[in-house]
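# Results of the structural survey
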Amino acid sequence: MPGDCELVDAMLDQRAELLPEKLHRHIEGCARCRGLHEWLISDADLIDVSPTTVDRLSRLLKSSLRPVNPLPPTKVSVIQASLCFVMLTLGFTSLLGTAGLAQMGRLESSAMVLLFTTGLILFSVSLARQMRPGSGTYLSKSMVVLFVLGLLTCISLLFPWHASQSFVAQGWPCLFAGLVIGVLGAVVLWLVVRRGAPVLPGTMGANLGATAGLLGVSVLQFQCPYQQAPHLLVWHGTVLVAVTLACTGIMVIATRILGRRK
Amino acid sequence: VGGGIALQRADETERGIARDEDALRELMRRYQGGDPVAVEDLVRRLSPSLLSFLSGPLVSRSDADDLLQECWLRIHRSRHAYNATEPLLPWIFSIARHTRLDGYRRRRRHLLREVLVEKLPERAPTPECVWGSHVMKLLDRLPEAQREVVVMLKVSGMTLEDVAHATASSVGSVKQKAHRAYARLRQLLELEGEK
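Residues numbered from 1 in each chain as written. Chains lettered and ligands numbered in written order. Predicted model: local features only at pLDDT ≥ 70, side-chain atom pairs only at ≥ 80, totals over all residues. Heavy atoms only, no water.

## Let's talk about the overall build of chain A
Broken down by element type, chain A carries eleven helices and zero strands. Going from the N terminus to the C terminus, chain A shows its helices and strands as α-α-α-α-α-α-α-α-α-α-α. Computed over the C-alpha atoms, the radius of gyration of chain A is 27 Å, more than 25% above the 18 Å expected from 2.2 N^0.38 for a compact globule of 262 residues. By principal-axis analysis of the C-alpha atoms, chain A measures approximately 85 × 55 × 30 Å. (Helix = DSSP H or I, 4+ residues; strand = E, 2+ residues; numbered from the N terminus. Rg over C-alpha atoms; globule rule 2.2 N^0.38 Å.)

## A word on the packing of helix H7 (residues 106–130) of chain A against helix H10 (residues 201–223) of chain A
All names here are of chain A. H10 packs onto H7 with a crossing angle of 160 degrees between their chain directions and a minimal axis gap of 10 Å. Between H7 and H10, the interaxial angle falls into the category roughly antiparallel. Of the two elements, H7 crosses H10, and the hand of that crossing is left-handed. Of the residues in H10, those touching H7 at Met112, Val113, Phe116, Gly119, Leu120, Phe123, Ser126, Leu127 and Gln130 are Thr203, Met204, Asn207, Leu208, Ala210, Thr211, Leu214, Val217, Ser218, Gln221 and Phe222. (Axes fitted to C-alpha atoms, helices over the stretch in contact; angles between N-to-C directions. Parallel < 35°, antiparallel > 145°, perpendicular 65-115°, else oblique. Left-handed = near helix turned anticlockwise from the far one by under 90°. Contact = heavy atoms within 4.5 Å.)

## With respect to the interface of chain B and chain A
In this complex, chain B contributes 59 residues to the contact, which on the side of chain A involves 48 residues. For the pairing of chain B and chain A, the buried interface totals around 4,700 Å² over both sides, and the portion due to carbon and sulfur atoms is 67%. Contact with chain A buries area across many residues of chain B, yet His80(B), Lys154(B) and Arg186(B) alone supply 15% of it, more than any other trio. At the boundary of chain B and chain A, one finds one salt bridge. A salt bridge links Glu40(B) to Lys62(A); the nearest nitrogen and oxygen atoms lie 2.8 Å apart. (Buried area = accessible area lost by both parts, 1.4 Å probe. Salt bridge = Lys/Arg side-chain N within 4 Å of Asp/Glu carboxyl O.)

## Details of the packing of helix H4 (residues 51–62) of chain A against helix H3 (residues 61–77) of chain B
The interhelical angle for the contact between H4(A) and H3(B), taken along N-to-C directions, is 30 degrees, at an axis separation of 10 Å. In terms of orientation, H4(A) lies roughly parallel with respect to H3(B). In terms of crossing hand, the pair formed by H4(A) and H3(B) is right-handed. In this structure, H4(A) uses Arg56(A), Leu57(A), Leu60(A) and Leu61(A) to contact H3(B), whose residues at the interface are Leu68(B), Gln69(B), Trp72(B), Leu73(B) and His76(B). Looking at side-chain class alone, the contact of H4(A) with H3(B) contains six nonpolar, two polar and one charged residues. (Nonpolar A, V, L, I, M, F, W, Y, C, P; charged D, E, K, R; others polar.)

## Side note on the nonpolar core
Note on soluble globular proteins: their nonpolar side chains tend to be buried together. Counting 103 residues, the largest nonpolar core has Leu50(B) and Trp72(B) as the members making the most contacts within it. No other element matches H10(A), which puts ten residues into this core. When sequence neighbours within four positions are dropped, the list of residues in contact with Leu50(B) reads Leu68(B), Cys71(B), Trp72(B), Ile75(B), Ile92(B), Phe93(B) and Ala96(B). (Core = buried A, V, L, I, M, F, W, Y, C linked by side-chain atoms within 4.5 Å. Buried < 20%, exposed > 50% of the residue type's maximum accessible area, 1.4 Å probe, protein only.)

## Considerations on the packing of aromatic side chains
Considering all chains together, one arrives at six aromatic pairs over all chains under this definition. With a centroid separation of 5.5 Å and an interplanar angle of 50 degrees, the aromatic rings of Trp172(A) and Trp235(A) are classed as tilted. Of this pair, Trp172(A) sits in helix H9 (residues 167–193) while Trp235(A) is found in helix H11 (residues 229–261), placing the two residues 63 residues apart along the sequence. Using a relative accessible area of 9% as the deciding quantity, one classes Trp235(A) as buried. On the basis of an interplanar angle of 80 degrees and a centroid distance of 5.4 Å, the ring pair of Phe53(B) and Phe93(B) is categorised as edge-to-face. Taken together, the residues Phe53(B) in helix H2 (residues 36–54) and Phe93(B) in helix H4 (residues 88–113) connect sequence positions 40 residues apart. One exposure class covers both Phe53(B) and Phe93(B), and it is buried. Ring-pair connections join several aromatic residues into one group, and the members of that group are Phe167(A), Trp172(A) and Trp235(A). (Phe/Tyr/Trp six-rings, centres within 6.5 Å; stacked < 30°, edge-to-face > 60°.)

Here is the structure:
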């Protein structure tokens with residue numbers, strides 16, 4: 001009776017233990033469905049842990065037991081990371097000037113502020129979640145791809161595509177300034193997230209680096225007087241990529257070294 | 001009448017799970033406060049589920065015990081990162097999941113460095129021998145991502161939302177993996193039936 005088998009499968013998918021009377025009759029005659037149903041209603045098969053093991057584990061944990069201060073809720077960490085980002089952006093922009101902002105029109109500046117704000121929200125929520133194991137999805141790959149595509153499209157469509165004669169000479173100072181801002185930003189953001197317990201240190205490093213890189217790019221966007229698409233994509237874009245890669249590497253290496261010591 | 005009794009039993013089970021979850025949260029809160037009794041109680045209550053989750057077809061019992069110890073040490077080091085307003089099991093199983101993955105990577109590295117011997121040593125009994133029901137043995141033939149979802153749902157009694165949080169994925173993705181796992185289990189049962 002394939003129709004009844006499908007009904008049993010549907011109940012299994014819904015994890016429903018209560019079957020209609022009609023299906024009980026079907027189960028009696030169908031070995032496959034009986035196997036599945038018995039498994040569904042059976043108690044979980046847990047592997048026994050011996051009392052000796054429980055004692056050994058308890059003693060091990062108790063040997064270094066002391067009260068700990070729990071992390072604040074996720075929302076607080078998101079606000080802390082976002083505030084750091086905004087304060088650092090304002091601080092560096094007031095220090096380095098706003099020549100870039102003067103070069104941009106209303107449309108360009110609004111689009112870039114919107115993109116940076118979106119990136120900040122995405123990255124800070126992801127950072128806060130990664131600080132706590134089991135707190136849900138981090139930054140999904142599709143979100144990262146969408147954000148990067150949005151950034152590339154905006155720059156490509158809104159900014160002129162002519163490169164000046166001194167493309168490299170104009171680019172180096174931007175790259176250097178962006179990297180310095182990114183590194184300083186990464187240090188400050190690390191102070192915010194250092195108490196977290198990430199289960200994937202590499203991903204946490206990449207996330208931290210991307211946030212710090214975005215900080216560097218946003219300060220450059222408001223400060224840099226060369227507002228052409230090739231300059232923004234090559235020199236400002238390199239800041240984002242380099243800081244992300246550097247932080248990922250540092251986090252992975254640091255975790256390995258600390259893991260060996262433990 | 002039978003349906004009514006069954007519904008009542010399901011309702012009681014649901015309330016029992018909720019009570020258990022509350023008790024676990026309270027124990028974890030006391031553990032964060034440095035209460036040694038809470039530590040012992042938590043270890044006793046959660047270790048069987050954790051050990052069942054950490055075991056697998058290629059993991060010997062001693063390896064599984066080592067993974068369990070490592071998992072508890074990680075939980076101990078990260079205990080400040082638990083928020084008592086959130087469910088405990090996704091937090092615990094998220095750590096267990098990465099302990100298991102790291103253990104798998106370590107074993108693979110060791111296997112690559114192994115030297116062939118003339119006579120094979122006697123193999124230690126694997127936990128699959130311990131697992132009672134026939135279907136539970138079939139779980140070991142599922143892909144890892146599907147197996148872990150079914151074990152969390154069935155063995156640990158977690159909800160779809162809890163499993164989604166523990167595996168850092170969406171509820172839809174968990175449902176899809178569970179659906180594929182059940183389909184594969186049906187196939188395996190049918191094949192066994194034909195034999």
